[in-house]
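# Secondary and tertiary structure notes
Each chain, written out:
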Amino acid sequence: MSTARRLRSWSKEHPSLGDLAMAALLGGLSVALVVLVPGAGTARARPAADAVGITLVALAWLPVVARRRWPFVMLCLAGPPQLALAALGYGSSLAGLVPLILLYTVAAYRGLALSLAAGAVVVLGSTAELLLSRDGRGWIEQTFVVVLPFTVWVIGRSVRLRRAYLAELVDRAARLERARDADTRAARAEERSRIARELHDVVAHHVSVMTVQAAAARKVLDTRPEAARDALVAIEELGRTAMREMRGIVGVLRTDGDTGELTPQPGMADLPGLVGQMREAGLRAELRVLGDHDALPPGIDLAAFRLVQEALTNSLRHAGPRARAWVTVRHDPGELLVRVEDDGLGAAAPAPRDRTGHGLVGINERVALYGGKLRIGPRDGGGFEVRARFPLKE
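Residues numbered from 1 in each chain as written. Predicted model: local features only at pLDDT ≥ 70, side-chain atom pairs only at ≥ 80, totals over all residues. Heavy atoms only, no water.

### Overview of the overall build of the protein chain
From N to C terminus, the protein chain includes eleven helices and five strands. A total of 394 residues make up the protein chain; the buried ones form 35% of that total. By element, 61% of the accessible surface of the protein chain is carried by carbon and sulfur atoms, the whole surface being about 22,400 Å². (Helix = DSSP H or I, 4+ residues; strand = E, 2+ residues; numbered from the N terminus. Buried < 20%, exposed > 50% of the residue type's maximum accessible area, 1.4 Å probe, protein only. Areas by Shrake-Rupley, 256 points an atom, 1.4 Å probe, with all protein chains shown as cover.)

Structural data, given as structure tokens:
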């Protein structure tokens, strides 16, 4: 790092000490100039510098020390020593820079009104100093009385505006960062909600089937051990399937790069296996697929599968031991129709039954996400029905 850069960095970290060092350095040079060249730049020079001249020069530079805290007040206090130097015939030397330094400070760190007032004070002070010195300066020096303060004022205002612009950029960047964090949190919350729905669907389905199989095994354990053994094998397979699906769902939460054993999300192609599981659990389910079906969008494919899974699980829970269920999937041009119905013949509770639990509410959200329409309610002729239409776009 260069010396100039180190000095600039030090002055930014210690602004008051930097002003004190500048005032001491330039004030000392001014005193030396008054002592060595008495009356420099004046028409009626004093024979030699005395304590009065040195004191006035020191007083002229003293306000620079507090220029950042009270710049306009220091500018007003610097005026009398300047006028006294001009009236007594001392060469003001470098002390003439004091009003310009203080004017820059006011313009760079204060508002427009105060900076305009500071510019007027400097111009009036310079004009009064010119009249008191009676040096007979030419029109060029008289022009500088106005032009130089105006130039310094413009520079100070430019610095202030640039500083305000940079502060606005920093604030805008901070706001964008906060907005991005908020979007990230919202995305994470949405992802957690999606994972919660997925876990609910998986756990509710498999646990319901396992419960039914366990109940069946308990009933036939003593009389039909082979049937009980088959039910236990089915429970074991369902448990492993549930673990695989849950591992695939929560795999997106892994951050250590170890994806483990991940499997694809289920879809409509897995409906035969799902219907077969329900048959093994005791629900007499049938599957009908109508129409020419192409590859479905992944989101709709998963949403339709979860809808069938949740509807069959509810039928298994509530329709009764002798109920039948029908799953109808129809592929129409630009539309997918999914319908799950049961007759509810074995249900002990009177129809219609309330089966709009949290699972079907989640299904409603899935269908609405893809612009579909969902109907959940009693079926004509008894039983229950879940029907959804998904629009398919090109």
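Okay, back to it.
### Structural notes on the environment of G291
Locating G291 in the fold gives a position in the loop between β1 (284-290) and α10 (298-318). It is 6.5 Å that separates the C-alpha atoms of G291 and D332, two residues lying 41 residues apart in sequence.

### Here we look at the environment of V122
Along the chain, V122 turns up in helix α6 (residues 112-133). With relative accessibility at 4%, the residue V122 sits in the buried group. Separated by 23 residues in the primary sequence, V122 and V145 have C-alpha atoms spaced 8.7 Å apart. Once residues within four sequence positions are removed from consideration, V122 is found in contact with L75, P99, L103 and P149. (Contact = heavy atoms within 4.5 Å.)

### Describing the pairing of strand β5 (residues 384-391)
When strand β3 (residues 335-342) meets β5, the two strands line up antiparallel, connected through eight bridges. Considered in β5, the bridge of L337 is made with R389. Direction of pairing for strand β4 (residues 373-378) relative to β5: antiparallel, over a ladder of six bridges. The partner of L374 across the bridge, within β5, is A388. (Pairing = 2+ DSSP bridges.)

### Quick notes on the side chain of T105
Checked against the element boundaries, T105 lands in helix α5 (residues 97-109). Classification of T105 by relative accessible area gives buried; the value is 0%. The residues contacting T105, other than those within four sequence positions of it, are R67, R68, P71 and R110.

### Digging into the packing of helix α9 (residues 271-280) against α10
Where α9 meets α10, the closest approach of the two axes is 11 Å, and the angle between their N-to-C directions is 10°. The orientation of α9 relative to α10 falls into the category roughly parallel. Contact residues: α9 offers L271, L274, V275 and M278, while α10 offers F305, V308, Q309, L312, T313 and L316. A class-by-class count of the residues in the contact of α9 with α10 yields eight nonpolar, two polar and no charged. (Axes fitted to C-alpha atoms, helices over the stretch in contact; angles between N-to-C directions. Parallel < 35°, antiparallel > 145°, perpendicular 65-115°, else oblique. Nonpolar A, V, L, I, M, F, W, Y, C, P; charged D, E, K, R; others polar.)

### With respect to the side chain of S315
Here S315 lies in helix α10. Look at S315 and you get buried, because its relative accessible area is 2%. A polar atom in the side chain of S315 sits 2.7 Å from the side chain of D342. (Polar contact = N/O pair within 3.5 Å; in protein donor to acceptor, adjacent residues only side chain to side chain.)

### Some words on the confidence of the model for the protein chain
Detailed reading of predicted coordinates is not advised where the pLDDT is low. With 75% of its residues at a pLDDT of at least 70, the protein chain reaches an overall mean of 76. The secondary-structure element of the protein chain with the lowest mean pLDDT is helix α1 (residues 3-13), recorded at 67, while β3 shows the highest, at 92. Taken as a whole, residues 255-261 scores under 50 in pLDDT and shows three contacts with residues more than four places along the chain or in a different chain. Counting contacts from residues 347-354, a segment whose pLDDT is below 50, to residues more than four positions away or on other chains yields eleven contacts. (pLDDT = per-residue confidence, 0-100.)

### Concerning a nonpolar patch on the surface
Taken together, the side chains of L17, L20, L59, L62 and V65 define a hydrophobic patch exposed on the protein surface, amounting to about 420 Å² of accessible area. Here V65 is to be found in the loop between α3 (51-61) and α4 (71-88). (Patch = residues over 30% accessible without salt bridge, like charges linked within 9 Å, V, L, I, M, F, W, Y side chains within 5 Å. Salt bridge = Lys/Arg side-chain N within 4 Å of Asp/Glu carboxyl O.)

### Thoughts on the nonpolar core
Among the nonpolar cores identified, the biggest contains 34 residues, and L307, V308, L312, L336, V338 and F390 are the most heavily contacted of them. Each residue touching V308, except ones within four places of it in the same chain, is listed here: L271, L274, V327, V338 and V340. Counting residues in each nonpolar core, the second largest holds 22 residues, with A23, M74, I101 and L103 among its members. (Core = buried A, V, L, I, M, F, W, Y, C linked by side-chain atoms within 4.5 Å.)

### Describing the packing of α4 against α5
Relative orientation and spacing of two packed helices are given, respectively, by the angle between their axes and the distance between those axes. Between α4 and α5, the shortest axis-to-axis distance is 9 Å and the interhelical angle comes to 165°. In this view, α4 runs roughly antiparallel relative to α5, as classed from their interaxial angle. You can see that α4 and α5 cross each other, and the crossing is left-handed. Two secondary-structure elements touch here, α4 through P71, F72, M74, L75, A78 and Q82 and α5 through V98, P99, L102, L103, T105 and V106. Its residues placed into classes, the contact of α4 with α5 shows ten nonpolar, two polar and no charged. (Left-handed = near helix turned anticlockwise from the far one by under 90°.)

### Let's talk about the sheet that holds β3
With mixed pairing, five strands are arranged side by side in an open sheet as β1-β2-β3-β5-β4. Looking along the sheet, the strands with just one partner apiece sit at the ends: β1 and β4. On average, each strand axis in the sheet is inclined to that of its neighbour by 10°, with strand direction left out of account. Bridge count between β1 and strand β2 (residues 324-332): seven bridges; the pairing is parallel. Of the residues in β2, the one forming a bridge with R288 is T328. Docked against the sheet, α9 engages β1 and β2, running at close to 165° with respect to β1. Strand contacts of α10: β2, β3, β4 and β5, with the helix running at about 10° to β3, the strand carrying the most contacts.

### Some thoughts on the pattern of salt bridges
Under the definition given, this model contains ten salt bridges. Note that R375 and E385 form a salt bridge whose closest N and O atoms lie 2.8 Å from each other. Of the two residues, R375 sits in strand β4 while E385 sits in strand β5, which places them ten residues apart along the sequence. Exposure remark for R375: the relative accessible area of 33% places this residue in the partly exposed category. Look at E385 and you get buried, because its relative accessible area is 5%. Overlapping salt bridges, with partners in common, bring together R339, E341, R375, R379 and E385 in one network.

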